[in-house]
Structure formats: C-alpha cells, structure tokens
Amino acid sequence: MKQIILVAIALLCITCKETTVAQSSASSTTAADVGSIMNFLASDELNGRDTGSEGLEKAAKYIESAFKESGITPYFETYLDTFDAKGTETYNVVGYLKGTDPELSKEFVIVGAHFDHIGQGKDVNGDVIANGANDNAAGSTAVISLAKHFAKTKNNKRSVLFVLFGAEERGLLGSKHLAKVLKEKNLDLYTMVNFEMIGVPLNDKAYKAYITGFEASNMAKKINEYVGSELIGFLPKAKEFQLFRRSDNYPFYKEFGVPCQTISTFDFTNYDYYHHVDDEVSQMNFEFMAELINDCVPAITSILNTPTKEIKLN
Ligand SMILES: [Zn+2]
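Visitor: Before we move on, can you summarise the pairing of strand β3 (residues 88–97) with the specific residues and values?
Guide: The buried count for β3 comes to eight of 10 residues, which makes it a mostly enclosed element. Direction of pairing for strand β1 (residues 73–74) relative to β3: antiparallel, over a ladder of two bridges. Residue threonine 73 lies in a different strand from β3, and its bridge partner there is tyrosine 96. Bridge count between strand β2 (residues 80–85) and β3: six bridges; the pairing is antiparallel. Across the sheet, aspartate 81 pairs through a bridge with asparagine 92, a residue of β3. Hairpin connection, β2 to β3: the antiparallel pair is bridged by two residues, and lysine 86 has positive phi, about 50 degrees.

Pasting the structure below:
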C-alpha cells in the first residue's frame, strides 16, 4: 500500500513538474522577444529616456500597454506612480499580479529595474543620444519579459509588483519614493530582485551573473539551489564599488530591512559604453539576455511559491 502511495506521489510530482516545466518552456522568452523590446526602448526616437522627457513618456506608454496586453493590472489607480524628482514631475510604472494562494498572496515580491536614462551624452561624431541600451533598457526588458511570463502561467502563490523605476539616474528617486509609499501602506515585502545592465555576458566566470550585496543575505545561495546550477556568483568589484547601494534595490533594503538585491552582468571590463552615446542596441547580446531571463524563471517561481520565506538577511 505504502509503495503504491509512494509511486502515486512520485507520478504526481513528475506530472506537476512536467506541467510547470511545460508552462515555463511554453512561455519562455526568445532572443526575438528581447530584440523587439530593446529596439524600441533604446531607439533614437526615445532620445535617451531622460527624466521629464517625451522619450521617457513614450517608454512608459509602451510598458503600460505591454502590461495591459498581458493581463498585469495597475497596483495603484493607474500604472503610473507619480512623484517629484527635484522639480520635475515623473513616475514609476507599477504592475501588479495578485497571488493565487489565500495566505501567501498577502506577501509581496518586487521584480524591478529602472527605465530612465540620462538623455544626451558627450558628442561622438555628431551622435549625442545616450540610448541606454545596457543601462538600463536591458534590465527593463527582463522585468517586462518576466511579467509576461507570470501573467501567462499564473504560477505565483505570492503577489508580485513588476516595477519600472523612474529617476534612478537622478539619485534613486523613484525607488526611494515607492519604498516609502509601500512602507506607509505596511506592505508585507518578502524580497526584491532588481535587474541592472544585463546586456552582455560576463567574461571568464563560472557563473552567469552576479548579485550585489552578495554577503548581505542567502539570496545567491537560494537562487542557485532553486535553479540547480551556479547561475549567480560573487563579483569582488561589485563589493569594492559598493554597487549594493547604487541601484534601486537599496531604498527597499533600507525601508523594509529584507533582502533586496540587484542582478547584473556588468563587470567593469566587459562593456566600454557606460553612460556613453554608443550604449546602443547593436552592442547588446539578445541571445544571452533571453537565456539569462529564462534561467531566472525557476528561481523567481520558487521565490513566489515556497511555503516559507527562505531568503533571509545574514
Ligand atoms: Zn542604471
């Protein structure tokens, strides 16, 4: 009898695993999907997506319609979470996917990236548009792609906020604003995964991406456990340059005191066009980006579905 039960359970696990894998592969992101988002967000038409610019507005509209089409609803009254960036009105774009579990849906996970950039850069052969392909149309593409994936699979017991932050380049102003607002609302934030500059692969590393604040929590260890491979590693330079404090994860870490960290593949040696007019789509590796985004799916799926909050600060 016990044996029959064991076989039944095993079969059940295989089927639900097959279903989850089938769901995941059915909605995995392709290089072409990545390309279509990147070619718009980092186009000359958006003029470097500076805070307060028409280009940023076009980017926000594009993200709103991507959310609407895939069934991601606004968290606030609209998708736009408006705030003042030192005299310029701007916004975060905030999408919401309610969790499927009556209890766990009260807990939130934030998947984020900033979508603004600096607008103009130093003139190079008459080109003054800082397209911001790697910084950070690449991270924005990861958030939009993951939003589409989970909206399709609905494989999330916990609730998720997909956030594209504004005014990061002006001092993390969008994330500072939203972290305060959500703290005042007493949001039960479990953890935050932020994406920054994931457009090109790391050189000669045993892992595919690094995480900032590696030593602050067990997030890297847990992600690798969930994925079943060494996806995430430690980059000494990230610690040396205190990248943990330099992106939109930090204000949430400060406000909520929970693990909030950034995934990146920029290692100061593999990309010459940081805040440069040549930070163009043509420099990006869409295949690699799609691979990394798909690799993150089982990690984020586990983060959204484990019965307890396994990721903790050290
Ligand atoms: Zn950036």
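Visitor: Pulling in residues and values, what's your account of the packing of helix α5 (residues 173–184) against helix α8 (residues 249–256)?
Guide: At a minimum axis distance of 8 Å, the contact between α5 and α8 shows a crossing angle of 30 degrees. Classified by the angle their axes make, α5 and α8 are roughly parallel. Crossing of α5 over α8 shows right-handed handedness. Facing Ser175, Lys176, Leu178, Ala179, Lys180, Leu182 and Lys183 of α5, the residues of α8 in contact are Pro251, Phe252, Glu255 and Phe256. Residues of the contact of α5 with α8, tallied by class, amount to six nonpolar, one polar and four charged.

Visitor: So, unusual backbone geometry: which residues are in play, and what are the values?
Guide: Here the residue pair aspartate 135 and asparagine 136 is connected by a cis peptide bond, since its omega of 5 degrees sits within 30 degrees of zero. Mapped onto the elements of the fold, asparagine 136 is located in helix α4 (residues 133–153). Look at arginine 49: it is not a glycine, yet its phi comes out positive at around 45 degrees. Within the secondary structure layout, arginine 49 lies in the loop between α2 (31–41) and α3 (54–70). Given the relative accessible area of 1%, arginine 49 is considered buried.

Visitor: Just give me the short version of the coordination of the zinc ion, but keep the residues and values in it.
Guide: Around the zinc ion, the donor atoms from the protein are His114 (NE2), Asp135 (OD) and Glu196 (OE), and they sit 1.9 to 2.3 Å away. Along the chain, the residues that donate to the zinc ion are spaced as H-x20-D-x60-E. With aspartate 135 in helix α4 and glutamate 196 in the loop between β8 (188–195) and β9 (209–211), this residue pair connects regions lying 61 residues apart in the sequence. Pair check on accessibility: aspartate 135 and glutamate 196 agree, each one buried.

Visitor: With reference to specific residues and values, describe the nonpolar core.
Guide: Judged by nonpolar contacts, the single largest core of 71 residues is most densely connected at Phe67, Val111, Phe115, Leu146, Phe162, Phe195 and Ile263. Discounting residues that sit within four places of it in the chain, isoleucine 263 has contacts with Val193, Asn194, Phe195, Glu196, Ile198, Ala209, Tyr210, Ile211, Ile223, Ile232 and Cys296. By size, the runner-up hydrophobic cluster in this structure holds 18 residues, among which are Val94, Tyr96, Val163 and Phe256.

Visitor: Lay out the packing of aromatic side chains in plain terms, naming residues and giving numbers.
Guide: Taken as a whole, this structure holds 15 aromatic pairs when the rule is applied. When the centroid spacing of 5.0 Å and the interplanar angle of 75 degrees are considered together, the rings of tyrosine 75 and phenylalanine 76 count as edge-to-face. With a relative accessible area of 22%, phenylalanine 76 lands in the partly exposed category. Each ring, one from phenylalanine 165 and one from phenylalanine 252, has its centre 5.7 Å from the other, and the planes form 50 degrees; the classification is tilted. Taken together, the positions of phenylalanine 165 in strand β7 (residues 159–165) and phenylalanine 252 in helix α8 put the pair 87 residues apart, joining distant regions of the chain.

About the thresholds
- Residues numbered from 1 in each chain as written.
- Predicted model: local features only at pLDDT ≥ 70, side-chain atom pairs only at ≥ 80, totals over all residues.
- Heavy atoms only, no water.
- Buried < 20%, exposed > 50% of the residue type's maximum accessible area, 1.4 Å probe, protein only.
- Helix = DSSP H or I, 4+ residues; strand = E, 2+ residues; numbered from the N terminus.
- Pairing = 2+ DSSP bridges.
- Axes fitted to C-alpha atoms, helices over the stretch in contact; angles between N-to-C directions.
- Parallel < 35°, antiparallel > 145°, perpendicular 65-115°, else oblique.
- Left-handed = near helix turned anticlockwise from the far one by under 90°.
- Contact = heavy atoms within 4.5 Å.
- Nonpolar A, V, L, I, M, F, W, Y, C, P; charged D, E, K, R; others polar.
- Donors = N, O, S within 2.8 Å, 3.2 Å for Na, K, Ca; no water.
- Core = buried A, V, L, I, M, F, W, Y, C linked by side-chain atoms within 4.5 Å.
- Phe/Tyr/Trp six-rings, centres within 6.5 Å; stacked < 30°, edge-to-face > 60°.

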